[in-house]
Amino acid sequence: MSDSKEPSGGWSVALQETAGFAPVETVAGQKGAGVLVICDHAANDMPAHYGNLGLSRADLARHIAWDIGAAQVTRELAAKLGAPAVLTRFSRLLIDANRGADDPTLVMRLSDGRVIPGNAHIDAEEIERRRRLYWQLYRRAIGAEIETMMKRGEIPAVVSIHSFTPVFKGTTRPWQVSVLWDSDARLAAPLIAALRAEGLDVGDNEPYDGALKGDTLDDEVTSRGLAGCLIELRQDLIAEPQRAAAWADRLARILLPILARQELHRCDFRPSRTGRHIGGRIAGISPGSA
Ligand SMILES: [Zn+2]
């Protein structure tokens, strides 16, 4: 495995291949923060030569391209926690950073009823190219940050920030915030309890299940025995900068005492509900990277 290593040929070659488009945003944190904040769907951008995949800028501003509000919450939460952060700089329509390497929805041909012209006739070679140049560099940046922290004796918890649409396929989603997790409740359980204590309607593995084979937390966090969870915020609550900032404040205030718990800073391997990671980190989680 070489998850935290440079891509073959080095970063500069990868940058040439992406026409200078850097696929990952990293934010430095303070030593000893004990937490990494990540954002899989932070951006609605992509290299110019993809021509917005045939979509208008208005299409790209919609939730199909990114998690509205999530990047701001991520950056501000990381700053308040003193944590490093890793965010995508490419749209999930280019390739979905939070899907497994061989997941059939890695590149969406259709999203929320909208055909994505630049993906409609994509072949395996182009999917592999996007996987190598965007998806994999994002995943490796997360792995590298975790390994850096662990090498200095700091076992981090990982918080992944996402946002969800208030209405999906005609159904109104009641939750203001939701916590998605797999089998390790060290972070999720106290976080759900603390959010509920604020009088919020909190989803527990809603509207999605946190056990998703090959997603970012599965590959980079559960596989290492680290504590982590995914926080989903309802998009209408964080679409405006002032409200996103208020949610970053709230999450930092709630997370700080939870992150102080020693039990979050141990490697504790719990078998995933995905059926992976029995007995620890598995080999071959990033095909092509070996
Ligand atoms: Zn998302």
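Sequence positions are assigned chain by chain, starting from 1 and proceeding in written order. Residue-level local features of this predicted model are given only where pLDDT is at least 70; pairs of side-chain atoms are given and counted only at 80 or more, and the full residue set underlies all totals for whole chains, interfaces and linings.

1. Regarding the overall build of the protein chain
Logical step 1: Only DSSP runs of H or I with at least four residues qualify as helices, and only runs of E with at least two residues qualify as strands; both kinds are numbered from the N terminus onward. A tally of regular secondary structure across the protein chain gives nine helices and eleven strands.
Logical step 2: If you take every contact in the protein chain between residues at least 6 apart in sequence, the share linking residues at least 24 apart comes to 83%. Contact between two residues is assigned whenever their backbone-derived C-beta positions fall within 7 Å.

2. Some words on the sheet that holds strand 11 (residues 228-234)
Logical step 1: Strands were regarded as paired on the criterion that DSSP finds at least two bridges between them. Spatial ordering of the open sheet is given by 1-3-2-6-11-9-10, a layout of seven strands whose pairing is mixed. Strands at the two margins of the open sheet, each flanked by one partner only, are strand 1 (24-27) and strand 10 (202-204). Neighbour-to-neighbour, the strand axes of the sheet open up by a mean angle of 20°, direction not taken into account.
Logical step 2: Two strands pair when backbone bridges link them, and strand 6 (residues 157-164) and strand 11 are joined in this way by seven bridges, in the parallel orientation. Opposite Val159, over in strand 11, you have Cys229 as the bridge partner.
Logical step 3: Only the stretch in contact is used when a helix axis is fitted, and all axes are lines through C-alpha atoms; the angle between N-to-C directions ranges over 0 to 180 degrees. Contacting strand 1, strand 2 (35-39), strand 3 (85-88), strand 6 and strand 11, helix 3 (residues 70-81) runs over the sheet at an angle of about 170° to strand 2.

3. Looking at the pairing of strand 3
Strand residues, when the strand is regular, have side chains that alternate between the two faces of the sheet.
Logical step 1: Buried residues are those with 20 or more other C-beta atoms within 10 Å of their own C-beta, exposed residues have 12 or fewer, and partly exposed residues lie in between; C-beta atoms are placed from the backbone. The alternating pattern of strand 3 places Ala85 and Leu87 on one face and Val86 and Thr88 on the opposite face, and all of these are buried.
Logical step 2: Bridging between strand 1 and strand 3 involves four bridges; their strand directions are antiparallel. What sits directly across from Glu25, in strand 3, is Leu87.
Logical step 3: Bridge count between strand 2 and strand 3: three bridges; the pairing is parallel. Looking across to strand 3, one finds that Cys39 is bridged to Leu87.

4. Remarks on helix 9 (residues 241-259)
Logical step 1: One fewer than the residue count of a helix, multiplied by 1.5 Å, yields its expected span. Given a rise of 1.5 Å per residue, 19 residues ought to cover 27 Å, and the 26 Å separating the end C-alpha atoms of helix 9 matches this to within 8%.
Logical step 2: Ala244, Trp247, Ala248, Leu251, Leu255 and Leu259 are the residues of helix 9 that are buried.
Logical step 3: For helix 9, the elements touching its buried residues are strand 2, helix 3, strand 6, strand 11 and helix 8 (235-238).

5. Notes on the environment of Pro117
Logical step 1: Note that Pro117 resides in helix 4 (residues 117-120).
Logical step 2: Along the sequence, Pro117 and Gly54 sit 63 residues apart, while their C-alpha atoms lie 5.3 Å from each other.
Logical step 3: Beyond its immediate sequence surroundings of up to four residues, Pro117 is in contact with Leu53 and Gly54.

6. Remarks on helix 5 (residues 124-151)
Logical step 1: Think of it this way: the bend at a residue is just the angle between two axes, each fitted to seven residues, one set ending at that residue and the other starting at it. If you look at helix 5, its biggest bend is around 40°, right at Arg131.
Logical step 2: Just past helix 5, the residue Gly153 takes up positive phi, approximately 85°.

7. Looking at the environment of Asp40
Logical step 1: With respect to the element layout, Asp40 can be found in the loop between strand 2 and helix 2 (57-60).
Logical step 2: The class for Asp40 is buried, based on 27 C-beta atoms found within 10 Å.
Logical step 3: Considered as a pair, Asp40 and Arg139 are 99 residues apart in the sequence and their alpha carbons are 9.3 Å apart.
Logical step 4: In contact with Asp40, other than residues within four places in its own chain, are Thr88, Ala97, Asn98, Ser160, His162 and Thr216.

8. A closer look at the nonpolar core
Logical step 1: If you look at the biggest cluster of nonpolar residues, it comprises 70 residues, and the most contacted ones within it are Val37, Val73, Ala157, Val159, Cys229 and Ile231.
Logical step 2: Per element, the largest residue contribution to this core is nine residues, and it comes from helix 5.
Logical step 3: When sequence neighbours within four positions are dropped, the list of residues in contact with Val159 reads Val35, Val37, Gly228, Cys229, Ile231 and Leu255. In this description, a nonpolar core means buried residues of the types Ala, Val, Leu, Ile, Met, Phe, Trp, Tyr and Cys, linked to one another by C-beta atoms lying within 7 Å.

9. Comments concerning the confidence of the model for the protein chain
Logical step 1: The score called pLDDT rates the predictor's confidence residue by residue, from a low of 0 to a high of 100. Of all residues in the protein chain, 90% attain a pLDDT of 70 or more, and the chain-wide mean is 90.
Logical step 2: Note that pLDDT drops below 50 for residues 1-7; the model gives that stretch 16 contacts with residues more than four away or on any other chain.
Logical step 3: Ignoring residues within four places in sequence, the model shows residues 283-290, a span with pLDDT below 50, making 16 contacts including any to other chains.

10. A look at the packing of helix 3 against helix 9
Logical step 1: Running from N to C, helix 3 and helix 9 cross one another at 40°; their axes reach a closest spacing of 8 Å. Put simply, helix 3 runs oblique to helix 9. Judged by the sense of rotation from one axis to the other, the crossing of helix 3 with helix 9 is right-handed. Along the contact surface, helix 3 presents Gln72, Val73, Glu76, Leu77, Lys80 and Leu81, while helix 9 presents Pro241, Ala244, Ala245, Trp247, Ala248, Asp249, Leu251, Ala252, Leu255 and Leu256.
Logical step 2: Ten residue types, Ala, Val, Leu, Ile, Met, Phe, Trp, Tyr, Cys and Pro, are classed as nonpolar, four, Asp, Glu, Lys and Arg, as charged, and the remainder, Gly among them, as polar. Taken together, the residues that form the contact of helix 3 with helix 9 break down as twelve nonpolar, one polar and three charged. Should an angle lie under 35 degrees it is considered roughly parallel, over 145 roughly antiparallel, and from 65 to 115 roughly perpendicular; all remaining angles are considered oblique. Crossings are classed by handedness, with left-handed meaning an anticlockwise turn of the near helix from the far one by less than a right angle and right-handed meaning a clockwise turn.

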